[in-house]
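# Topology and contacts: notes
Take a look at the letters that make up each chain.
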Amino acid sequence: MRILQLHCDYIEFTPIKKEIKSAEDIELKTEHLDEVVVAFVAVEDGDNADVAKKAMGEISESMKKVGCKKLLLYPYAHLSSKLASPSAALSVLKEMESKADGLDVRKAPFGWTKSYKLQVKGHPLAESSKTISAGEEKEPTSEALKAESKIQSFWHIMTPDGKMHDIDKFNFAKHANLEVLAKYEAAKKRSVDEPPPHVKLMKKLAIADYEPASDAGNMRFFPNGRLIKSLIERYVTDKVVEYGGFEVETPIMYDSHHPSMESYFNRFPARQYNVNSEGKQLFLRFAACFGQFLMAKDFQMSYKNLPLRLYELTRYSFRREQSGELVGLRRLRAFTMPDCHAMCKDMEQAKEEFRKRFDLSRQVIKGLGLEESDFEMAIRFTEEFYNENKPLIEELVSKIGKPVLVEMWKERFFYFVLKWEFNYVDNLGKASALSTDQIDVENGKRYNIEFIDETNKPQNPIILHNSPSGAVERVIYALLEKAAKDQREGRKPGLPLWLAPTQVRIIPVKPEFFDYCEKLAEEISQKEIRVDLDDRNESVGKSIRDAETDWIRYIIVIGEKEVNATKISIRDRKTGSVKELSVDELVREIKEETKDKPFLKMNMNRHVSKRPQIMV
RNA sequence: GCCUCGAUAGCUCAGCCUGGUAGAGCGAACGCCUCGUAAGCGUUAGGCCGCGGGAUCGAAUCCCGCUCGAGGCUCCA
């Protein structure tokens with residue numbers, strides 16, 4: 001459908017003669033309308049009642065802006081070259097007439113040659129044209145997203161002693177990052193104006209890169225990146241299982257019109273990817289919540305089974321963030337999210353569980369190589385929850401041992417009453433959430449998850465939503481930003497040893513030592529250490545330089561001396577010096593530093609000469 | 001949609017203002033060197049200078065249009 005819309009001082013039109021047989025029967029008289037919006041409408045092939053409704057929606061919206069309530073629908077074939085049949089066009093026009101809620105609407109006769117004159121107003125909104133077609137509906141935007149900007153929040157700082165401070169009066173002198181977080185959050189400023197340093201590093205280290213053939217925010221991971229991701233995924237999963245989580249797997253797409261989905265959708269501020277298939281409108285999951293809730297609904301549960309912890313590592317969750325927000329690995333449209341829910345029988349149990357998960361998250365973040373000085377905590381709650389549960393909140397803040405950003409809501413808007421998260425503050429002063437946990441008092445009921453309590457009555461559980469690490473990609477982002485900061489401040493940048501794609505590199509002085517090196521590499525590799533061999537015909541200096549720029553922690557140079565002795569020369573990147581150790585001593589040192597961490601085999605050819613260069 | 005910036009070798013970029021045979025470094029192939037803790041040496045290959053048009057004897061370079069990318073703004077004629 002094509003519409004030319006004019007805001008007029010007046011219009012006057014007179015039917016002259018029938019243009020087509022099916023023209024409407026009308027009285028032949030001149031009509032005059034003042035202060036009117038005239039919509040010249042061409043109904044096109046394929047237009048239907050939906051299009052009519054959408055068109056009226058847009059017309060009435062723009063009429064509101066110009067403050068006019070009188071509308072004339074004027075059939076006007078000349079706007080299009082693919083017109084609908086006259087009968088179809090007439091019914092669509094009548095449909096439009098009937099959908100004009102709150103407007104004084106008229107329709108000029110259909111199928112007649114008419115003479116007309118009109119006078120168009122001279123303001124900027126007086127003229128506009130619209131093209132409306134079936135199928136391309138306005139994107140569904142969740143109610144939560146629309147309302148998020150309207151929520152009234154009260155911001156404070158809570159110190160470890162449990163005292164609340166006014167954010168304007170708090171002395172941030174010793175808490176620069178917290179200040180950044182506080183300003184960042186309270187101002188809701190999230191645009192990025194220069195690429196953050198980790199973008200260069202993720203390319204240089206052949207971890208990840210943009211994939212132009214995909215959608216923005218969907219990255220590709222090279223062998224190094226895939227290895228690092230796998231290790232982090234393994235580590236977080238092991239920790240959650242240790243804590244008592246059961247790993248499950250759920251679908252990545254869901255029916256938008258499933259009743260539980262529709263209402264949850266409106267409680268979560270996110271934009272979706274939509275997929276149409278055989279008439280179903282599906283969306284790609286933005287979290288693992290629904291999958292686990294729908295699963296738990298089908299469990300028969302007693303209070304004795306609670307807390308029940310379900311865990312999934314979603315590869316991927318999808319959020320269609322605004323394109324301007326996407327940068328490197330910080331904010332993506334497709335990301336890997338460890339997501340653990342605990343169903344609890346009552347608030348007492350929920351609080352107890354919440355404490356456990358707080359400790360779990362702190363342990364996981366530390367294990368991943370981030371110190372408590374690397375992140376700032378924010379805690380958010382409703383006023384009511386705070387008044388009833390001060391000791392819990394104060395306990396969490398005191399465990400962190402430094403001031404924490406507080407957001408308090410007068411009333412509950414989201415599905416949770418309490419939420420905390422650890423935020424990494426990067427080199428450009430941008431804050432991003434890593435670990436988080438929430439107490440959800442709404443979705444047990446929404447998803448009809450039930451357990452039978454001590455008195456044999458069905459109840460809905462309270463649900464905790466925890467990601468002990470945050471998105472895996474974001475963990476890599478934080479590690480790289482931390483490394484960039486080290487570099488900027490004159491320290492050697494590096495990754496934790498257990499995440500290094502190569503942990504040990506062997507460099508022969510001359511090709512005649514290749515055999516010895518091969519044996520040595522095999523021996524070290526047998527001990528579950530990622531070792532490779534620079535068998536290129538390059539100078540020793542060049543090989544060492546390359547190993548250094550690849551952030552390889554241990555470099556072994558093999559020459560005459562080593563072949564004939566038990567100790568080998570090992571360059572430790574951390575200290576920059578060379579030391580003499582036996583192979584066993586080296587192995588022990590590496591094992592000590594990587595203990596309690598998962599191991600995966602090298603994800604590249606052991607021989608450096610056999611590897612492709614990843615030039616990005 | 002609008003604004004700004006960009007697009008030249010696998011990568012990073014120079015050349016463009018002031019038109020005249022396409023440049024460097026890194027990387028790659030080949031060869032020499034056989035090397036002791038951050039870049040050894042040489043040779044060679046590799047380009048529709050994003051796409052289309054215009055003015056010019058002649059365009060990577062000037063003009064117009066388009067496409068794609070990054071960032072910003074915006075729902076506006």
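Calculation notes
Residues numbered from 1 in each chain as written. Chains lettered and ligands numbered in written order. Predicted model: local features only at pLDDT ≥ 70, side-chain atom pairs only at ≥ 80, totals over all residues. Heavy atoms only, no water. Helix = DSSP H or I, 4+ residues; strand = E, 2+ residues; numbered from the N terminus. Rg over C-alpha atoms; globule rule 2.2 N^0.38 Å. Contact = heavy atoms within 4.5 Å. Areas by Shrake-Rupley, 256 points an atom, 1.4 Å probe, with all protein chains shown as cover. Lys, Arg positive; Asp, Glu negative; His and termini not counted. Charge placed at Lys NZ, Arg CZ, Asp CG, Glu CD. Axes fitted to C-alpha atoms, helices over the stretch in contact; angles between N-to-C directions. Parallel < 35°, antiparallel > 145°, perpendicular 65-115°, else oblique. Left-handed = near helix turned anticlockwise from the far one by under 90°. Nonpolar A, V, L, I, M, F, W, Y, C, P; charged D, E, K, R; others polar. Pairing = 2+ DSSP bridges. Buried < 20%, exposed > 50% of the residue type's maximum accessible area, 1.4 Å probe, protein only.

### Considering the overall build of chain A
From N to C terminus, chain A includes 17 helices and 29 strands. Against the globule reference of 25 Å for 616 residues, chain A gives a C-alpha radius of gyration of 32 Å, more extended than a compact globule. Considering only C-alpha atoms, chain A reaches an extent of 115 × 70 × 50 Å along its principal axes. For chain A, restricting intrachain contacts to residue pairs at least 6 apart in sequence, the fraction spanning at least 24 positions comes to 76%. In the structure as shown, chain A presents an accessible area of about 29100 Å², 48% of it carried by carbon and sulfur atoms. Both charge centroids of chain A, one from 98 positive and one from 99 negative side chains, sit 1 Å from each other.

### Focus on the environment of alanine 342
When you line up the elements, alanine 342 lands in strand β17 (residues 334-344). Other than its neighbours up to four places away in sequence, alanine 342 contacts Tyr243, Leu308, Arg309, Glu353, Arg357, Ile462, Ile463 and Leu464.

### Overview of the packing of helix α6 (residues 223-243) against helix α9 (residues 347-367)
Running from N to C, α6 and α9 cross one another at 150 degrees; their axes reach a closest spacing of 11 Å. Comparing their axes, α9 and α6 come out roughly antiparallel. In this structure, α6 crosses over α9, and the sense of that crossing is right-handed. When α6 is examined against α9, the residues Tyr235, Val236, Lys239 and Tyr243 are found in contact with a partner set consisting of Glu353, Lys356, Arg357, Leu360, Gln363, Val364 and Gly367. Residues that form the contact of α6 with α9 fall into these classes: 5 nonpolar, 2 polar and 4 charged.

### Digging into the sheet that holds strand β22 (residues 451-452)
Pairing is mixed across the open sheet formed by 3 strands, whose spatial order is β15-β22-β23. The outermost strands of the open sheet, each flanked by one partner alone, are β15 (301-302) and β23 (458-459). Summarising the sheet, β15 and β22 pair through 2 bridges and their orientation is parallel. Looking at β22, one finds that serine 302 is bridged to isoleucine 452.

### Topic: the pairing of strand β19 (residues 404-409)
Buried residues dominate β19, accounting for 6 of its 6 residues. The alternating pattern of β19 places Val404, Val406 and Met408 on one face and Leu405, Glu407 and Trp409 on the opposite face, and all of these are buried. Direction of pairing for strand β7 (residues 153-158) relative to β19: antiparallel, over a ladder of 6 bridges. Within β19, the residue paired with methionine 158 across the bridge is valine 404. Of the pairings in the sheet, the one linking strand β18 (residues 375-382) to β19 comprises 5 bridges and is parallel in character. Looking at the pairing, alanine 378 lines up with leucine 405 of β19.

### Examining helix α15 (residues 540-549)
Within the sequence span of α15, burial applies to Ser543, Ile544, Asp546, Ala547 and Glu548. Check the buried side of α15 and you find it contacts β25 (504-508), β27 (554-558) and β28 (567-572). Trailing α15 by a residue or two, tryptophan 551 shows a phi angle of about 65 degrees, which is positive.

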